[in-house]
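Listed below, chain by chain, are the residues.
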Amino acid sequence: MSEGRAQPAEPAASPTATPVPLARPVVGEREEQLVLETLRSGRLALGPRLAEFEDAFARRLGVEHASAVSSGTAGLHLAIRAAGVEPGDEVVTTPFSFVASANCLLYEGARPVFCDIDRRTLNITPEAAADAITDRTTGLLPVHIFGYPSDMAGFEQLAADRALWLVEDTCEALGGVHADGRPVGARGNLAVFAFYANKQLTTAEGGMVICPDPAAKERIDSERNQGRAPDMGWLDHDRLGFNYRLDELSCALGVAQLERLEQMLAGRARVAALYGEALADVDGLTLPAADDGGERRGWFVYVVQVPEGVDRDDTIRALRERGVDSKPYLPAIHLMTFYRERFGHREGEFPVCEDVARRSLALPFHPGLREDEVERVVGALRAALGR
Ligand SMILES: Cc1ncc(COP(=O)(O)O)c(C=O)c1O
């Protein structure tokens, strides 16, 4: 063992030596089999797995048209283009989201106009969105944050009343269900799912645009492939496009993941229930909103808000010392450096969003989290909060 240099003393073995990670994808033999088969087929892009994944995903959701893309961000970009966004347009959206839901608007020269969020669901409401509409507003881009369904019936009404387009950011909400029983993303609007490695279903990187009609699918299929229509000749292009294609290996992974989706969603719901029970009596701690009125969250992350007066970042440090990973989640978009500098946003504009963003942290959360790991996280959090 020794190579002549003094070895540092081994730290005492501790039950907290292996940190509880924030997320861990579930991949097994089926994923290995399909990815390997695809790899060995020699067809690594624009092959049969693409349509297989799109069709299987569309069937699972109960929709007719889905278009697989290289990421959720790419999907949002193509979806707002298909919706008809133009440079100079204002689009009402949420400041409490992953930055991509606002960034995609900037790609097209449109301006994200934020409104404050609802304290229970953490989503924007149709009422708040209505107040943010001006004569330059052309669209609405609600996000189902942390998988909790937004009030889409209300947004659909608002869009119809004010002649606005509507794109749903469903990136975090696979498995969510609206009060009327319809799955999130299956209401006939353009909707965009994401399959990054921490999502309910992963293709490593990837996304899926749900298209309301064949024309939207045709446009998105073309724009993801440099503007080439499916029936066009090699290297002929009839519109501007991008390279937002999803490769065959990712599609194979997606097909295998879809086969175990119900089990993975149930695993997430199980872990959420364990956390919910174990944390219910922690004074001042805000837990994710319980499902209400038939709405069902598609569990994606487990985000709590530390009690008033507690420093969230101190809590994260204290958790780390106890071998538990956690992250501030999510920061307010309008207060990010780029958005402050570009649009002159200031603190105080969206007080609910800012308060929630200051106090939120994501705890370890994935379908395979064991009961003893949940207990360890809960114990560490109680100790960190001193309650
Ligand atoms: C709400 C939301 N929108 C958009 C995205 C972008 O997805 P991707 O990371 O696949 O580009 C994500 C993913 O993290 C997200 O959570």
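Residues numbered from 1 in each chain as written. Predicted model: local features only at pLDDT ≥ 70, side-chain atom pairs only at ≥ 80, totals over all residues. Heavy atoms only, no water.

Caption draft 1: Layout of the packing of helix 3 (residues 72-83) against helix 7 (residues 214-223). At their nearest, the axes of helix 3 and helix 7 sit 10 Å apart, and the two run at 135° to each other. Comparing their axes, helix 7 and helix 3 come out oblique. Handedness of the helix 3/helix 7 crossing: right-handed. Two secondary-structure elements touch here, helix 3 through Leu78, Ala79, Arg81 and Ala82 and helix 7 through Arg219, Ile220 and Glu223. (Axes fitted to C-alpha atoms, helices over the stretch in contact; angles between N-to-C directions. Helix = DSSP H or I, 4+ residues; strand = E, 2+ residues; numbered from the N terminus. Parallel < 35°, antiparallel > 145°, perpendicular 65-115°, else oblique. Left-handed = near helix turned anticlockwise from the far one by under 90°. Contact = heavy atoms within 4.5 Å.)

Caption draft 2: Region of the structure containing the nonpolar core. Phe96 and Phe146 are the most contacted members of the largest nonpolar core, which has 63 residues in total. Counting residues per element, this core draws most heavily on helix 3, which supplies five residues. Among all residues touching Phe146, those that are not within four sequence positions of it are Phe96, Leu122, Glu172, Arg297, Gly298, Phe300, Val301, Val303, Tyr329 and Leu330. Counting 27 residues, the second-largest nonpolar core is a separate cluster that includes Ala58, Ala68, Ala191 and Leu265. (Core = buried A, V, L, I, M, F, W, Y, C linked by side-chain atoms within 4.5 Å. Buried < 20%, exposed > 50% of the residue type's maximum accessible area, 1.4 Å probe, protein only.)

Caption draft 3: How the structure looks around helix 10 (residues 312-321). Those residues of helix 10 not exposed but buried are Arg312, Thr315, Ile316, Ala318 and Leu319. The buried residues of helix 10 all sit within an arc of 165° when viewed along its axis, so they share a single face. Every exposed residue of helix 10 that faces more than 90 degrees away from the buried side is listed here: Arg320 and Glu321. Check the buried side of helix 10 and you find it contacts strand 9 (327-328), helix 12 (351-359), strand 10 (360-363) and helix 13 (371-385). Between the side-chain oxygen of the N-cap and the backbone nitrogen of Asp313 there are 2.8 Å, and the N-cap of helix 10 in question is Asp311. Phi turns positive one or two residues past the end of helix 10, at Gly323, with a value near 75°. (Arc of directions from axis to C-beta. Polar contact = N/O pair within 3.5 Å; in protein donor to acceptor, adjacent residues only side chain to side chain.)

Caption draft 4: Seen up close, the environment of Glu321. Structurally, the position occupied by Glu321 is in helix 10. The exposure class assigned to Glu321 is exposed, which follows from its relative accessible area of 67%. C-alpha separation for the pair Glu321 and Arg24, spaced 297 residues apart in sequence, amounts to 21 Å.

Caption draft 5: Expanded view of the site of the ligand. In the vicinity of the ligand, 14 residues are found, and the nearest of them are Gly72, Thr73, Asp169, Glu172 and Lys199. Between the ligand and Thr73 there is a distance of 2.5 Å, counted from an oxygen atom to a side-chain nitrogen or oxygen. In this structure, Asp169 approaches the ligand through a side-chain N or O atom, which is 2.7 Å from a nitrogen atom. Computed on the free molecule, the ligand has an accessible area of 390 Å², of which 93% lies beneath the protein chains in the complex. No other element matches helix 3, which puts three residues into the shell around the ligand. When grouped by side-chain class, the residues that make up the shell around the ligand number six nonpolar, five polar and three charged. (Near = heavy atom within 4 Å. Areas by Shrake-Rupley, 256 points an atom, 1.4 Å probe, with all protein chains shown as cover. Nonpolar A, V, L, I, M, F, W, Y, C, P; charged D, E, K, R; others polar.)

Functional significance is not addressed by these values, which are geometric in nature.
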